[in-house]
Amino acid sequence: MQSLTLIQAITDGMRTMLRERDEVLVLGEDVGKNGGVFRATDGLQEEFGESRVIDTPLSEAGIIGSSVGMAMNGLLPIAEIQFMGFIYPAYEQIMTHATRMRYRTMGAYSVPLVIRAPYGAGVRAPEIHSDSTEALFTHMPGIKVVCPSTPYDAKGLLISAIEDPDPVLFMESLRLYRSVRGEVPEGKYSVEIGKGVKRKEGEDITLIGWGAMMPVLEKAAMEAEKKLISCEIIDLRTLYPIDKDIIAESVQKTGRCVIVHEAHATGGLGNDIISIINDTSFLYMKAPIQRVTGADVHVPFFALEDNYLPTPDRVMEAIEKAIYF
């Protein structure tokens, strides 16, 4: 075991698969000589060469379009989009080609492509650097959407994504890159895509989140414990396909639920989770489901960023609304 930050675990996952599979390659803006804007690919070009760790032009559509062609012809590309807010020029390539190729060719071709995308607010980044737009992709059949919150899961899920026969959007929280650290096995291992995990056992209320929201939920749960409220915490890890079973099992036990995400409220993934709860567990609920989300505005500039994001205090208010309903 090695103690790694989340971004170090991601680097280790790429290095592990570059060593194991000659078909694996990395491409993106500044991923080679500079090692990536966040240093996620630091040292990889030196070890594996310019033909496998490739600096590309500033063209997200070109990066993904080229990656689709590579994937269809036997390679396993890992495409880095420097910030998730930069992914929009590539949206057409993802929606029209990457996600539909298996269907379009009646299974003759698949697109084993990983798209790494740092996302989220809380690091005082400029406009279009802080978006959390996972719902654009969870609405898109043909692509899996993954969002780890721990170094162990980051490496294991990345390896699973690289080996998946279909495209995977791999979301990486900017806030968690160097703020969390954990034990990570050396060498290859995998974490199953499509399976959530219970981070904390509880009896009174279920807290559901993913990615950067997990430390927020953990702090809120600690405050709730002081008021003798026992919180169960579910980390979804995969946003599409979502783990309906772990959601239903938890809320049927507690009868109350708070869903937390930093994306906008309207059209956010929290709405789909509410639908899952209504479909599977409506008669078990003791109080209305609460949501704590970002506002329906663009992520604001630095001075107001903290007012936009979910906080432990906001989550605690939602917990008390559900408990004392």
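Scroll up to find the structure.
I will try to describe carefully the structure that is included in this document. Quantities reported herein were computed from a predicted structural model and do not represent experimental measurements.

1. Focus on the pairing of strand 14 (residues 290-294)
Of all the five residues making up strand 14, four are buried; the element is thus mostly covered by neighbouring parts of the structure. Pairing geometry for strand 13 (residues 257-264) and strand 14, over five bridges, is parallel. Across the sheet, the residue bridging to His261 is Thr293, located in strand 14. For the crossover that starts at strand 13, traverses helix 10 (residues 269-281) and ends in the parallel strand 14, the hand is right-handed.

2. Re the sheet that holds strand 6 (residues 144-146)
What the seven strands build is an open sheet, ordered 3-2-4-5-7-6-12; its pairing is mixed. At either margin of the open sheet sits one strand with a lone partner, and together these are strand 3 (53-55) and strand 12 (238-240). For this sheet, the mean angle separating the axes of adjacent strands, direction not counted, is 20°. Across the sheet, helix 7 (residues 151-163) touches strand 2 (24-28), strand 4 (76-80), strand 5 (114-119), strand 6 and strand 7 (168-173), and the angle it forms with strand 7 is around 160°.

3. Topic: the side chain of Glu80
By secondary structure assignment, the location of Glu80 is in strand 4. Exposure remark for Glu80: the relative accessible area of 4% places this residue in the buried category. Separated by 2.8 Å, the side chains of Glu80 and Arg116 make a polar contact.

4. Details of helix 9 (residues 244-254)
Listed in full, the buried residues belonging to helix 9 are Ile246, Ile247, Ala248, Ser250, Val251 and Thr254. If you follow the buried residues of helix 9, they end up packed against strand 9 (197-200), strand 10 (205-209), strand 11 (231-235), strand 13 and helix 10. The N-cap residue of helix 9 is Asp243: its side-chain oxygen and the backbone nitrogen of Asp245 are 3.2 Å apart.

5. As for the sheet that holds strand 11
Overall, mixed pairing links the five strands, which are arranged 9-11-10-13-14 in an open sheet. Strands at the two margins of the open sheet, each flanked by one partner only, are strand 9 and strand 14. Averaged over neighbouring strand pairs, the angle between their axes works out to 25° when direction is ignored.

Calculation rules
Residues numbered from 1 in each chain as written. Predicted model: local features only at pLDDT ≥ 70, side-chain atom pairs only at ≥ 80, totals over all residues. Heavy atoms only, no water. Buried < 20%, exposed > 50% of the residue type's maximum accessible area, 1.4 Å probe, protein only. Helix = DSSP H or I, 4+ residues; strand = E, 2+ residues; numbered from the N terminus. Pairing = 2+ DSSP bridges. Right-handed = clockwise from strand over helix to strand, strands pointing away. Axes fitted to C-alpha atoms, helices over the stretch in contact; angles between N-to-C directions. Contact = heavy atoms within 4.5 Å. Polar contact = N/O pair within 3.5 Å; in protein donor to acceptor, adjacent residues only side chain to side chain.

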